[in-house]
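A closer look at the structure
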Amino acid sequence: MRARPERGVRVEVHSVRRREWPDEDKLRVVRESLQPGAVVQAVADRNGVSTGQIYTWRKEILARKIHEAGREAW
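Residues numbered from 1 in each chain as written. Predicted model: local features only at pLDDT ≥ 70, side-chain atom pairs only at ≥ 80, totals over all residues. Heavy atoms only, no water.

Quick look at the side chain of Asn47
Short version of the rule: Numbering of helices and strands runs from the N terminus; a helix is a DSSP stretch of H or I covering at least four residues, while a strand is a stretch of E covering at least two. A contact between two residues is defined here by any heavy atoms of the two lying within 4.5 Å.
Among the secondary structure elements, Asn47 is positioned in helix H2 (residues 40–47). Once residues lying within four places of it in the same chain are set aside, the contact partners of Asn47 are Arg19, Trp21, Arg28, Val29 and Glu32.

Rendered as structure tokens:
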């Protein structure tokens, strides 16, 4: 009698490391995206990020600045 090969699907999982961006680089990319006439897609392409990432960084930076301004007001 022959051995039957195992049936089914083999799934291999590899960890994917997220890229960590220094705050200085995030700020540089966001500033570039806010220049008059800048196209966010072009800025994203030049810097190897998605447009969604740039918009997320914008929101994070704005929230941080608002929080800092609120602390200084008290």
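Following the structure, the description resumes.
Thoughts on the pattern of salt bridges
This is how the line gets drawn: Every case where a carboxyl oxygen of Asp or Glu lies within 4 Å of a side-chain nitrogen of Lys or Arg is listed as a salt bridge. Between buried and exposed lies partly exposed: a residue is buried under 20% and exposed over 50% of the maximum accessible area for its type, with that area taken using a 1.4 Å probe on protein chains only.
A complete count under the given rule lists 3 salt bridges for this structure. Note that Arg10 and Glu12 form a salt bridge whose closest N and O atoms lie 3.5 Å from each other. We note that Arg10, like Glu12, is exposed. A salt bridge links Glu68 to Lys65, with the nearest nitrogen and oxygen atoms 3.8 Å apart. One end of the pair, Glu68, and the other, Lys65, are both in helix H3 (residues 51–73), 3 residues apart, so they sit about a helical turn from each other. Since its relative accessible area comes to 27%, Glu68 is described here as partly exposed. Judged by relative accessible area, which is 52%, Lys65 ranks as exposed.

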